[in-house]
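Structural characterization, general
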Amino acid sequence: MISERMQRAINAQINAEMWSAYLYLSMSMDAADKGLKGISHWYRQQFAEEQQHAMKFADYLASHSVRVSLTAIDGVRDTWASAEEMFAQTVEHERNVTKMIYNLCDIATEEHDYATMNMLTWFVNEQIEEEQTALDILDSLKKIGDKRVGLYMIDKELGARK
Ligand code: FEO
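Overview of the structure. (Residues numbered from 1 in each chain as written. Predicted model: local features only at pLDDT ≥ 70, side-chain atom pairs only at ≥ 80, totals over all residues. Heavy atoms only, no water.)

Focus on the packing of aromatic side chains
To describe a pair of aromatic rings, one takes the distance between the centres and the angle between the planes. What counts here: Two rings from Phe, Tyr or Trp (for Trp, the six-membered ring) form a pair when their centres are within 6.5 Å of each other. A pair whose planes differ by under 30 degrees is stacked, one over 60 is edge-to-face, and the rest are tilted. Secondary structure elements follow DSSP: runs of H or I of four or more residues count as helices, runs of E of two or more count as strands, with numbering from the N terminus. For every residue, the accessible area (1.4 Å probe, protein chains only) is compared with the maximum for its type, and the residue is labelled buried under 20%, exposed over 50%, or partly exposed between those bounds.
By the definition in use, this model includes six aromatic pairs. On the numbers, 5.7 Å between centres and 35° between planes, the contact of Y24 with Y43 is tilted. Placement of Y24 in helix α1 (residues 4-33) and of Y43 in helix α2 (residues 37-63) is noted, with a sequence separation of 19 residues between them. When its relative accessible area of 0% is taken as the criterion, Y24 is described as buried. Judged by its relative accessible area of 0%, Y43 falls in the buried class. Summarising the aromatic geometry, the rings of W42 and Y43 are spaced 5.0 Å apart at their centres and angled 85° between planes, so their arrangement reads as edge-to-face. As far as the burial class goes, W42 and Y43 line up, both buried. Put simply, the rings of Y24, W42, Y43 and F87 touch in pairs and so form one group of aromatic residues.

Here it is as structure tokens:
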């Protein structure tokens, strides 16, 4: 059984994951507009991954016979000065998402909801990967600075993401 407080918190997280998807779709479109096809592809993959996160939460609630309530998704920014700025915001955003997941863990602990805590373990591990991946790309972009060949190489590499 999932408490109403836990249900509300997971429902809010579904919206947050959809907002993440929306943000990354916007970054994908802006990267395409800047001629960065590989980065655009990477963010398109990220857009799909965030929707999977939202569905993982939604399926979890549904498996406990909880009706999911979908709420409006806030608008997102649509342009960034550079790929570096895009990934800087991605790192910052993923750190915020990690805080949200930890908040869900706190609620699960307070509610003695061990089933939800077990489900959240997947997200705790996922966030370690999400933060590290974005940080590694940001570090590479910082290293190349404004060297166009470096940006070309990174763009090519990110375009290979499966
Ligand atoms: Fe759903 Fe990127 O965390």
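Here's the deal with the nonpolar core
Cut-off, in case you're wondering: Nonpolar cores were defined as sets of buried Ala, Val, Leu, Ile, Met, Phe, Trp, Tyr and Cys residues, with membership established by side-chain atoms within 4.5 Å. Any pair of residues with heavy atoms lying within 4.5 Å of one another is described as a contacting pair.
Grouped together as the largest cluster of nonpolar side chains are 21 residues, with contacts concentrated most on M6 and F57. Among the elements of the structure, α1, α2, α3 (83-110) and α4 (114-144) are those that each provide at least two residues to this core. Ranked by residues supplied to this core, first place goes to α3 with six residues. Each residue touching F57, except ones within four places of it in the same chain, is listed here: I10, Q13, I14, E17, I101, L104, M119, L120 and F123. Counting residues in hydrophobic clusters, the runner-up holds 20 residues, among them L23, Y24, A83 and M86.

A word on the packing of α3 against α4
Packed helices, taken two at a time, are described by the angle between their axes plus the distance between the axes. So the rule is basically this: Only the contacting stretch of a helix is used when fitting its axis, a line to C-alpha atoms as for every element, and angles between N-to-C directions run 0 to 180 degrees. Angle categories: roughly parallel below 35 degrees, roughly antiparallel above 145, roughly perpendicular from 65 to 115, and oblique for all the rest. Each helix crossing is assigned a hand: it is left-handed if the near helix lies turned anticlockwise from the far helix by less than a right angle, otherwise right-handed if that turn is clockwise. Residues are grouped as follows: Ala, Val, Leu, Ile, Met, Phe, Trp, Tyr, Cys and Pro are nonpolar; Asp, Glu, Lys and Arg are charged; every other residue, Gly included, is polar.
Interhelical geometry of α3 versus α4 gives an angle of 165° and a closest axis separation of 9 Å. The orientation of α3 relative to α4 falls into the category roughly antiparallel. Crossing geometry of α3 relative to α4 is assigned as left-handed. Across the contact of α3 with α4, the residue classes break down as 19 nonpolar, five polar and six charged.

Quick notes on unusual backbone geometry
For S65, which is not glycine, the phi dihedral falls at a positive 60°. If you trace the backbone, S65 turns up in the loop between α2 and α3. Overall, the relative accessible area of 72% leaves S65 in the exposed class. Even without a glycine there, the phi angle at H112 is positive, about 55°. Tracing the backbone through its elements, the reader meets H112 in the loop between α3 and α4.

Concerning helix α5 (residues 148-158)
Definition in use: Taken from the helix axis, the directions to the C-beta atoms give the arc we talk about.
Regarding α5, the residues found buried are G150, I154, D155 and L158. With its buried residues spanning 135° around the axis, α5 presents them on a single face. Turned more than 90 degrees away from the buried face of α5, the exposed residues are R148, V149, Y152 and K156. Packed against the buried residues of α5 are α2, α3 and α4.

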